[in-house]
Amino acid sequence: MNRTPVSRLQITGLLATICIAFPPGCDGLGETETSQIIENLVQAGFPADDIMVHEGKVYVGRDAEVSLAASQEMLTSDDPSKEQYRTTNLVGSSISKICINGSTYTGNYSTALDLAIQNYNALPLRFTMARTPSSGCSFTINASIQTGAAGGVAGFPSGGLPYSSITIFSGLAAYSVDVIEHVITHELGHTIGFRHSDYYNRAISCGAGGNEGDAGVGAILIPGTPSTATVGGSIMNSCFRSTETGEFTSTDVTALNTLYAAPNLVPFMTSATLPSGLVERSGVYSSTYEAWRAFDSSNSTMWISGVFQTPAWISYQWSNGPKTVTSYAINFVNGSLTSRAPRDWTFQGWNGSAWVTVDTRSAQTGWLGVERRVYTVASPGSYIKYRLHVTDDNDSRAGVVVISMGRLELIGF
């Protein structure tokens, strides 16, 4: 395996123009603002020799641009027990859709940007990502390509907003789509608050380099992720290899879910109407297996549909207005009776006069006796009520013989 590390920021041929601190002639922000950013970063625990100014912009970790507002937020004390590594700056809950303007991306760059967006959208996060033009954008990140060695740069969030841009360098054209996808995914990670996984020793992924700085506020360990980095252990490592796949590792997924997982929008139900909302269904096997059991707090109860009723459906309606479901999870808990697991269905939202299909699945086979599967909604929208409309189970006979479902989670905002 080729483990030759490649820096994310253009290094070769650039060191002569990168300025440590802020010498004259290398300060596009103005000396006062630049010096304030640097002072804030040093106070936040970043070593002075890891802070660079290039073409008027301040960077840490060689690829993360820092604005004045972002540097000020890094001085805010934080409780590390609440939050791989992140900054104190995160994206606020008001951001539900992050759009990326990649209009200058063509060929492999365009394909890689689409794949990077898919990486984030495949997870049940409280925000989605999309390329422009797209409606309903809460914030837009501008993605550009500049001449330079293989790599990219971005920055950290500020004021609850993602960083406003990512830059990918032209040297990546010599690499595969997977590697370009990896770098874009990495830089988008910075825009939502992720530090380098090996920030404390860049030599782990780069072969050389020191500590980017900690101080307990600028690099907070995310619960459930390892405190030590390994080569290939995270898409947020400082440097990449030519063999990268472009996909998140398991620790990346844990980190994203810890910081940004979208909540289950349905409260734990104790009846069809309590504590709030309304649960409905097509039919039921017996009163012991009513549909609201698929929304209760137990991991062993379930809804069982009426026998030989096709379609079999279950729905939930909110009493406090429409919601946007970005993903949903089906929990099967009926042990060896896996023929009762759903196979083919549509997931639908009610627009007030008709059901709108927002996701379609087929051939969902091979269920385990106890298993949770998460599905990303293909066309999310805002609806007062959603239903899972099942047209076939995993029984060999056509249509629905009977469906059982331990829990249906509606995840979004």
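Residues numbered from 1 in each chain as written. Predicted model: local features only at pLDDT ≥ 70, side-chain atom pairs only at ≥ 80, totals over all residues. Heavy atoms only, no water.

A.B. asks: Any chance you could explain the pattern of salt bridges here in plain terms?
C.D. replies: Following the criterion strictly, the structure yields ten salt bridges and no others. Residues glutamate 290 and arginine 281 are paired through a salt bridge, measuring 2.7 Å at the closest nitrogen-oxygen approach. Judged by its relative accessible area of 29%, arginine 281 falls in the partly exposed class. Residue arginine 397 pairs with aspartate 395 through a salt bridge whose shortest N-O separation is 2.9 Å. The class of aspartate 395 is buried, set by a relative accessible area of 16%. (Salt bridge = Lys/Arg side-chain N within 4 Å of Asp/Glu carboxyl O. Buried < 20%, exposed > 50% of the residue type's maximum accessible area, 1.4 Å probe, protein only.)

A.B. asks: Looking at this structure, I do not really get helix α4 (residues 177-191). What am I missing?
C.D. replies: Helical periodicity: at 3.6 residues per turn, an α-helix aligns residues three or four positions apart in one direction. End to end, α4 covers 21 Å across 15 residues, agreeing with the expected 21 Å (1.5 Å per residue, within 8%). Of the residues flanking the end of α4, it is glycine 193, one or two places downstream, whose phi is positive at about 110°. (Helix = DSSP H or I, 4+ residues; strand = E, 2+ residues; numbered from the N terminus. Expected span 1.5 Å × (residues − 1).)

A.B. asks: I would appreciate a short explanation of helix α6 (residues 250-260) in the present structure.
C.D. replies: Regarding α6, the residues found buried are Thr251, Asp252, Ala255, Leu256, Leu259 and Tyr260. The arc that holds the buried residues of α6, viewed along the axis, is 135°, so those residues lie on one side. (Arc of directions from axis to C-beta.)

A.B. asks: Explanation requested: the packing of aromatic side chains in the structure shown.
C.D. replies: Aromatic ring pairs: the centre-centre distance and the angle between the two ring planes describe each pair. For the coordinates displayed, the defined rule picks out 16 aromatic pairs. Aromatic pair tryptophan 318 and tyrosine 386: ring centres 5.8 Å apart, planes at 85°, arrangement edge-to-face. A residue pair is termed long-range when its members are at least 10 positions apart, and tryptophan 318 in the loop between β16 (312-317) and β17 (323-332) and tyrosine 386 in strand β22 (residues 385-393) qualify at 68 residues. When sorted by exposure, tryptophan 318 lands in the same class as tyrosine 386, which is buried. Judged by centre distance (4.2 Å) and plane angle (20°), the rings of tyrosine 328 and phenylalanine 347 are stacked. Of this pair, tyrosine 328 sits in strand β17 while phenylalanine 347 sits in strand β18 (residues 342-350), placing them 19 residues apart in sequence. Neither residue differs from the other here; tyrosine 328 and phenylalanine 347 are each classed as buried. Grouping aromatic residues by their ring pairs yields a cluster made of Phe295, Tyr316, Trp318, Tyr328, Trp345, Phe347, Tyr375, Tyr383 and Tyr386. If you follow arginine 373 out to its NZ or CZ, it ends over the ring of tryptophan 367, 4.0 Å from the centre. When the ring centre of tryptophan 313 is taken as reference, the NZ or CZ atom of arginine 387 above it lies at 5.6 Å. (Phe/Tyr/Trp six-rings, centres within 6.5 Å; stacked < 30°, edge-to-face > 60°. Lys NZ or Arg CZ within 6 Å of the ring centre and 35° of its normal.)

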